[in-house]
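Notes for the structure review
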Amino acid sequence: MRSGEAMEQGLRDCCRSIRIGKILIQSDEETQRAKVYYAKFPPDIYRRKVLLMYPILSTGNTVIEAVKVLVEHGVQPSVIILLSLFSTPHGKLGLLPSLERCQIYHPGIPFLMTDVHPVLPTHSGRKYVRTE
């Protein structure tokens, strides 16, 4: 199971007729650069609001790359809604300049007004979201 899929079943339970696309992005271990391996979306994605579900933000590079892919497919940044559960301060700060036109929903945001745990959220992600 990849990270966004951990949130998918809850979304399907609430919104049964929702159309779901997939993006597989992997960050290089050494450089932290994100690379797109797979992207498949509904054909009319450019006419829809898009929920970008990414539960654990470490650097923010993967989310920034996902937004670039969506924009390349005709999605306007103003209709992209990022849903995230955990974040590092670095990940949160890294998103600000790149996603200024997107909507961001995260438990630790009213953006920069709330403390975020300074340790990378890798452990909780592996244990509770089962991304190992």
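One structure accompanies this document, and this report is about it. (Residues numbered from 1 in each chain as written. Predicted model: local features only at pLDDT ≥ 70, side-chain atom pairs only at ≥ 80, totals over all residues. Heavy atoms only, no water.)

1. What about the overall build of the chain?
Spelled out, the test is: Think of it this way: any DSSP run of H or I at least four residues long counts as a helix, any run of E at least two long counts as a strand, and we number them from the N terminus. We call two residues in contact whenever any of their non-hydrogen atoms come within 4.5 Å of each other.
Each helix and strand counted, the chain has four helices and seven strands in total. Each helix (α) and strand (β) of the chain, taken in turn from the N terminus, gives the series α-β-β-β-β-α-β-β-α-β-α. If you take every contact in the chain between residues at least 6 apart in sequence, the share linking residues at least 24 apart comes to 60%.

2. A look at the side chain of Asp44
Defined as follows: Burial classification: accessible surface area is computed with a 1.4 Å probe over protein chains only, and a residue below 20% of its type maximum counts as buried, one above 50% as exposed, and the rest as partly exposed. Whenever two N or O atoms come within 3.5 Å, that pair is a polar contact, provided that in protein one can donate a hydrogen and the other can accept it, and provided that, for residues adjacent in sequence, both atoms are side-chain atoms.
Mapped onto the elements, Asp44 comes out in the loop between β2 (34-40) and β3 (50-53). Classification of Asp44 by relative accessible area gives buried; the value is 15%. Of note is the side chain of Asp44, whose polar atom sits 2.9 Å from the side chain of Arg48.

3. Quick notes on the pairing of strand β5 (residues 80-83)
Rules: In this analysis, strands are considered paired if DSSP registers two or more bridges between them.
Bridge count for β3 against β5 is four bridges, and the pairing is parallel. The partner of Met53 across the bridge, within β5, is Leu83. Pairing between β5 and strand β7 (residues 103-105): three bridges, direction parallel. The partner of Ile81 across the bridge, within β7, is Gln103.

4. Quick look at a nonpolar patch on the surface
To keep it simple, the criterion reads: Surface patches are drawn from residues lacking salt bridges whose relative accessible area is over 30%; two like charges belong together within 9 Å, two nonpolar side chains (Val, Leu, Ile, Met, Phe, Trp, Tyr) within 5 Å. Each accessible area is a Shrake-Rupley result for a 1.4 Å probe, and residues are judged covered by the shown protein chains and nothing else. The salt bridge criterion pairs a side-chain nitrogen of Lys or Arg with a carboxyl oxygen of Asp or Glu, the two atoms within 4 Å.
There is a patch of nonpolar side chains on the surface, built from Leu24, Tyr37 and Tyr38 and spanning about 300 Å² of accessible area. Position of Tyr38 relative to the elements: it lies in strand β2.

Purely geometric stuff here, so don't read any function into it on its own.
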